[in-house]
Amino acid sequence: MPNDLDFVIRHADVVTASDRFTSDIGIRDGRIAMLGQGLPPAPRELDASGMLVMPGGVDGHCHLDQPMPDGLRMADDFFTGTRSALCGGTTTVIPFAAQAKGQSLQAAVDDYHRRAEGRALIDYGFHLIVADPTPHVLAEELPRLIQNGYTSFKVYMTYDDMKLNDREMLDVLSVAREHGALVMIHAENSDCIGWLTERLLGRGLHAPHAHALARPAVVEREATHRAIAFAELVDVPILIVHVSGADAIEQIRWGQSRGLPIHAETCPQYMYLTADDLGHGEYEGAKCVCSPPPRDPANQTAVWKALRQGVFSLVSSDHAPFSYDDPQGKKPGGKEVSFDHIPNGIPGLETRLPLLFRGVKEGRISLHQFVELTSLRPAKLYGLYPRKGTIAVGADADIAVWDPEKRVTIANAALHHAVDYTPYEGIEVSGWPRHVFSRGGLLVEDGTLLDIHAGRGRFLPAGRPDLD
Ligand code: DUC
Ligand code: ZN
Ligand code: ZN
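Residues numbered from 1 in each chain as written. Chains lettered and ligands numbered in written order. Predicted model: local features only at pLDDT ≥ 70, side-chain atom pairs only at ≥ 80, totals over all residues. Heavy atoms only, no water.

(A) Region of interest: the overall build of the chain. The secondary structure content of the chain amounts to 12 helices and 19 strands. Since a compact globule built from 468 residues should have a radius of gyration of about 23 Å, the 21 Å found for the chain is in line with a globular shape. The principal-axis extent of the C-alpha atoms belonging to the chain is close to 70 × 50 × 40 Å. Taking all 468 residues of the chain together, the buried fraction comes to 62%. Long-range contacts, defined here as pairs at least 24 residues apart, represent 77% of the contacts in the chain between residues at least 6 apart. Here the chain contributes 45 positively and 61 negatively charged side chains, and the mean placements of these two sets differ by 2 Å. (Helix = DSSP H or I, 4+ residues; strand = E, 2+ residues; numbered from the N terminus. Rg over C-alpha atoms; globule rule 2.2 N^0.38 Å. Buried < 20%, exposed > 50% of the residue type's maximum accessible area, 1.4 Å probe, protein only. Contact = heavy atoms within 4.5 Å. Lys, Arg positive; Asp, Glu negative; His and termini not counted. Charge placed at Lys NZ, Arg CZ, Asp CG, Glu CD.)

So, in structure tokens, the structure goes:
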């Protein structure tokens, strides 16, 4: 019968960003078709008693199979990356189609679709990275791509192969304003980093720990303030990504208190790692080299406080997967290189939600904030709501059934990415997704990834950013 349900989740303690209620969840054709107690039977059912049932996570910032310069290669492609995401309760990922300088933006998008095609296990959207905003890109390509469902793009204030100057930033922001897109900004001052790097190397400081010395908080603070000033000048919303601590938070609060539409993202590395994890001379610190770098316990506290107070719109992983013992990863060419040549980035797709959930267990944020930061707001900001980001009739049945008491000591051996380490090895969490549905398919059952085929994940063209 056409109205028959395919699957019913029974006795669900449903938690969304705003509500909590007990209900059965009826799934048909990949979507949530019914909510209510005592739903009719279905051929497949799951009893969720004792579990928390939440919308699957939306990871609004991760890097998968992104083309890399200089013989580097990301360890995760769309298959291993989405496999890992799924096992950590994330059911949508939004990685980056990155334009190289001199390349057409459309060519970067076409190439990235080829990389994703037939590989993803869960649904995905694309952000763009605009590295070369030529007049043609600004006037033709970018507006057309926004129209076609690529409504968010990242720009960099650092990294020689990506960075834009101030004038270029203003140009990109004004295209976003005109066409209703959202610009994500990597805010670190490139010249300051270059100047500090030269001096550190000149003093013989080559080891990974010098990475944090080359990118101190002031460098992030200055660029964050400048980005906010640009947003004010152009009169357009922006999103400051991967905010690492108190200095940048202070700038964001300042912008928000002036009524400016400043959104911000942070990541688990700024809640759980510190600059000490970059080591004290040993090369293994390369495992935690990411930018901005992790800071110190006082900054971790500032991040948690700002999360609780609503300064941040979302928590993403910034999963940027480079293996440690890999000549295409953290040891380029098979060598231990100076800190400025270590590829930036750490893995985190699978651990993002459990690490943040630990903050719920510790009373740092509420359960509703957890859902808001990891699912609802990224879905809204990146134009995927109400299809993604909530549990409601009509939404895709992307659902994570959490065992809130499951104690896990994070170990790379148990993760599903293709990276040879996790920076969170040994950290204890309480709570992990036990069953995960993607578009109605039960893909993780009792913590075990079922036999699933690569390519079932679909591309999601994005609608207009919803900034409420
Ligand atoms: N920093 C970035 O800006 N991108 C990828 C990873 C990182 O550490
Ligand atoms: Zn970045
Ligand atoms: Zn990133």
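Now that the structure has been shown, we can carry on.
(B) Region of the structure containing the coordination of the zinc ion (ligand 3). Within the protein, the atoms that donate to the zinc ion (ligand 3) are His 61 (NE2), His 63 (NE2) and Asp 318 (OD), at distances of 2.0 to 2.1 Å. Sequence spacing of the donors to the zinc ion (ligand 3): H-x1-H-x254-D. Between the two metal centres, the zinc ion (ligand 3) and the zinc ion (ligand 2), the spacing is 3.8 Å. Linking His 61 in the loop between strand S6 (57–59) and helix H1 (78–87) with Asp 318 in the loop between strand S15 (314–315) and helix H11 (352–361), this pair joins segments that are 257 residues apart in sequence. Exposure remark for Asp 318: the relative accessible area of 9% places this residue in the buried category. (Donors = N, O, S within 2.8 Å, 3.2 Å for Na, K, Ca; no water.)

(C) Examining the site of ligand 1 more closely. Neighbouring ligand 1 are His 63, Lys 154, Tyr 156, Tyr 159, His 186, His 242, Cys 290, Ser 291, Asp 318, Ala 320, Asn 344 and Gly 345. A distance of 2.8 Å separates an oxygen atom of ligand 1 from a polar side-chain atom of His 186. Within the complex, the protein chains bury 95% of what would otherwise be the 240 Å² of accessible surface of ligand 1. More than half of the atoms belonging to ligand 1 lie within 2 Å of the grid points that define the largest pocket. Tallied by class, residues from the shell around ligand 1 come to four nonpolar, six polar and two charged. (Near = heavy atom within 4 Å. Polar contact = N/O pair within 3.5 Å; in protein donor to acceptor, adjacent residues only side chain to side chain. Areas by Shrake-Rupley, 256 points an atom, 1.4 Å probe, with all protein chains shown as cover. 1 Å grid on protein atoms, 1.4 Å probe; cavity = no way out; pocket = protein on both sides within 12 Å on 5 of 7 lines; lining within 4 Å. Sits in = over half its atoms within 2 Å of the grid points. Nonpolar A, V, L, I, M, F, W, Y, C, P; charged D, E, K, R; others polar.)

(D) Structural detail: the coordination of the zinc ion (ligand 2). Protein coordination at the zinc ion (ligand 2) comes from Lys 154 (NZ), His 186 (ND1) and His 242 (NE2), with a distance range of 2.1 to 2.2 Å. Here the zinc ion (ligand 2) is ringed by four donor atoms whose angles at the metal span 82 to 131°, and the overall shape comes out irregular. (Tetrahedral: all angles 85-135°; square planar, octahedral: opposite > 155°, others 65-115°.)

(E) Seen up close, the packing of aromatic side chains. Taken as a whole and assessed by the stated rule, the structure comprises 16 aromatic pairs. For the pair Tyr 283 and Tyr 324, a centre-to-centre distance of 6.2 Å together with 35° between the ring planes defines the contact as tilted. Here Tyr 283, found in the loop between helix H9 (269–272) and helix H10 (297–309), pairs with Tyr 324, found in the loop between S15 and H11; they are 41 residues apart in sequence, far enough to count as distant. Its relative accessible area of 10% is what places Tyr 324 among the buried residues. Here Phe 370 and Trp 402 contribute two aromatic rings whose centre-to-centre distance is 5.6 Å and whose plane-to-plane angle is 85°, an arrangement assigned as edge-to-face. (Phe/Tyr/Trp six-rings, centres within 6.5 Å; stacked < 30°, edge-to-face > 60°.)

(F) Molecular detail of the sheet that holds strand S10 (residues 127–129). Strand order in the open sheet made by the seven strands is S8-S10-S11-S12-S13-S14-S15, with parallel pairing throughout. Two strands in the sheet have a free side with no partner beyond their single neighbour: strand S8 (96–98) and S15. Judged from the three bridges that link them, strand S12 (residues 182–186) and strand S13 (residues 238–240) form a sheet pairing that is parallel. By the bridge assignment for S13, Met 184 is matched with Leu 239. (Pairing = 2+ DSSP bridges.)

(G) Region of the structure containing the packing of helix H4 (residues 166–179) against helix H7 (residues 217–234). Close contact between H4 and H7 brings their axes to 10 Å; oriented N to C, the two are set at 50°. As summarised for this structure, H4 and H7 are arranged oblique, according to the angle between their axes. Regarding H4 and H7, the two cross each other, and that crossing is right-handed. The residues of H7 that touch H4, namely those facing Asp 166, Met 169, Leu 170, Leu 173, Ser 174 and Arg 177, are Arg 226, Phe 230, Ala 231, Leu 233 and Val 234. Within the contact of H4 with H7, the residues separate by chemical class into seven nonpolar, one polar and three charged. (Axes fitted to C-alpha atoms, helices over the stretch in contact; angles between N-to-C directions. Parallel < 35°, antiparallel > 145°, perpendicular 65-115°, else oblique. Left-handed = near helix turned anticlockwise from the far one by under 90°.)

(H) Quick look at the nonpolar core. Within the largest apolar cluster, 114 residues are counted, with the highest numbers of intra-cluster contacts made by Phe 153, Leu 307 and Phe 370. If one sorts the elements of this core by residue count, H7 sits on top with six residues. Split by domain, this core shows at least three residues from each of two domains, domain 1 (7–55 + 390–407 + 429–449) and domain 2 (57–381). With sequence-adjacent residues up to four places away left out, Phe 153 is seen in contact with Leu 128, Val 130, Leu 142, Ile 146, Val 172, Ala 176, Ala 181, Leu 182, Val 183 and Met 184. Listed in part, the 18 residues of the second largest apolar core include Ala 98, Ile 129, Leu 239 and Tyr 382. (Core = buried A, V, L, I, M, F, W, Y, C linked by side-chain atoms within 4.5 Å. Domains from an automatic or database assignment.)

(I) Seen up close, the domain arrangement of the chain. Per the domain assignment, the segments making up the chain are domain 1 (7–55 + 390–407 + 429–449) and domain 2 (57–381). Of note, the centres of domain 1 and domain 2, computed from C-alpha atoms alone, are 30 Å apart. Listed by partner, the interface residues are 27 residues for domain 1 and 25 residues for domain 2. At the boundary of domain 1 with domain 2, total buried surface from both sides reaches about 2,100 Å², with 69% on carbon and sulfur atoms. (Buried area = accessible area lost by both parts, 1.4 Å probe.)

(J) Summary view of the packing of helix H3 (residues 135–147) against H4. Relative to each other, H3 and H4 sit at 45°, their axes nearing to 10 Å. One finds that H3 runs oblique with respect to H4. Classified by chirality, the crossing of H4 by H3 is right-handed. Taking contact as the criterion, the partners of Leu 138, Leu 142, Pro 143 and Ile 146 in H3 are, on H4, Asp 171, Val 172, Val 175 and His 179. Across the contact of H3 with H4, the residue classes break down as six nonpolar, one polar and one charged.

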